[in-house]
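Coordinate analysis (summary)
Residues per chain are reported as follows:
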Amino acid sequence: MSERPAEDDPTTGEALDPEAEDDPTSDVGLTGASSFDTAHFKEVLGHFTSGITVITGADREGPVGFTCQSFMSLSLEPPLVAFGPSLTSSSWPRIQAVGAFCVNVLGEHQEALSRVFATKDPDKFRGVGWRRAATGSPVLDQVLAWIDCRIDTVHQAGDHLLVVGRVQELGVGEGEPLLFYRAGYGRFES
Ligand SMILES: Cc1cc2nc3c(=O)[nH]c(=O)nc-3n(C[C@H](O)[C@H](O)[C@H](O)COP(=O)(O)O)c2cc1C
């Protein structure tokens with residue numbers, strides 16, 4: 001029996017099997033926080049395919065938003081969704097101060113929009129058409145779907161936050177989704 005204490009899996013928070021490090025099928029190599037391989041973490045997690053959203057909000061200064069992959073449907077009763085803004089996000093504090101946001105699910109033709117909203121450009125909305133949802137948050141033109149929310153709870157989660165939103169209003173557009181896989185954009189084929 002091993003003397004080593006169980007460590008926490010940083011991706012789940014669950015206790016890892018202390019013997020797992022010796023498993024030849026596992027190359028995670030968790031021997032301590034200092035030896036954790038972030039490049040390997042990114043490479044492995046990059047194999048999870050997702051859609052792409054732009055999280056938007058609007059304060060007195062105007063509309064703000066940022067490209068966000070970490071979006072999920074969370075609860076049906078009550079209707080909740082969640083996503084993870086980085087602590088380095090400059091848009092998120094403005095959105096949080098207003099208390100509401102809109103999740104804009106991008107269509108396959110909106111890669112350029114994803115790239116713009118993934119920058120720190122102070123004028124990301126230049127040339128972008130939008131209207132206000134019920135909360136006042138921007139719904140971008142021609143998105144595949146949109147989910148307008150009030151902030152329910154905000155949790156600390158390492159170098160990110162985990163934001164839970166209560167759905168106020170939602171709708172769909174037309175077309176196919178923009179996908180993200182292994183640091184590249186792609187399209188869906190059935
Ligand atoms: C495909 C893709 C997915 C992203 N997902 C997230 C995410 O889930 N959370 C996050 O905070 N930033 C994410 N980003 C990075 C932000 O879009 C980027 O840091 C942006 O500059 C933040 O803008 P802001 O400082 O105006 O908030 C993603 C970027 C790309 C290209």
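Residues numbered from 1 in each chain as written. Predicted model: local features only at pLDDT ≥ 70, side-chain atom pairs only at ≥ 80, totals over all residues.

So, the site of the ligand
Cut-off, in case you're wondering: Here is the check we use: build the C-beta atom from the backbone, and if it is within 6 Å of the molecule or strand, call the residue near. The helix and strand labels rest on DSSP assignments: H or I over at least four residues marks a helix, E over at least two residues marks a strand, and numbering proceeds from the N terminus.
Neighbouring the ligand are 17 residues; Gln69, Ser70, Ser86, Ser89 and Ser91 lie closest to it. Elements supplying a minimum of two residues to the shell around the ligand: strand S3 (62-68) and helix H2 (91-98). The greatest single-element share of the shell around the ligand, amounting to 3 residues, is contributed by S3.

What about the pairing of strand S12 (residues 184-187)?
Note the cut-off: When DSSP finds two or more bridges between a pair of strands, those strands are recorded as paired.
Where strand S11 (residues 178-181) lies against S12, 4 bridges are found, and the strand directions are antiparallel. Bridge pairing in S12 places tyrosine 181 opposite glycine 184. Hairpin connection, S11 to S12: the antiparallel pair is bridged by 2 residues, and arginine 182 has positive phi, about 50°.

Overview of the sheet that holds strand S1 (residues 50-51)
An order of S1-S11-S12 is seen for the 3 strands of this open sheet, with the pairing classed as antiparallel. Each end of this open sheet is capped by a strand with a single partner; those strands are S1 and S12.

Observations concerning the pairing of S11
Selection rule: Our exposure labels follow a C-beta count within 10 Å of each residue's own C-beta, placed from the backbone: buried means 20 or more other C-beta atoms, exposed means 12 or fewer, and partly exposed covers the counts in between.
Residues of S11 alternate between two faces, with Leu178 and Phe180 buried on one and Leu179 and Tyr181 left unburied on the opposite face. Alignment of S1 against S11, held across 2 bridges, turns out to be antiparallel. What sits directly across from serine 50, in S11, is phenylalanine 180.

With respect to the sheet that holds strand S2 (residues 53-59)
The strands making up a sheet associate through backbone hydrogen bonding, with each pair oriented either parallel or antiparallel. Applied cut-off: Between N-to-C directions, angles span 0 to 180 degrees; the directions come from axes that are lines fitted to C-alpha atoms, helices contributing only their stretch in contact. Contact criterion: two residues are in contact if their C-beta atoms, reconstructed from the backbone, are within 7 Å.
In spatial order, the strands read S3-S2-S6-S9-S10-S5-S4; together these 7 strands make up an open sheet with antiparallel pairing. Of all strands in the sheet, those bounded by a partner on one side alone are S3 and strand S4 (71-75). Strand-to-strand twist of the sheet, defined as the mean angle between neighbouring strand axes without regard to direction, takes the value 35°. Strands in contact with H2 are S2, S3, strand S6 (100-105) and strand S9 (145-157); relative to S2, the strand with the most contacts, it is inclined by about 55°.

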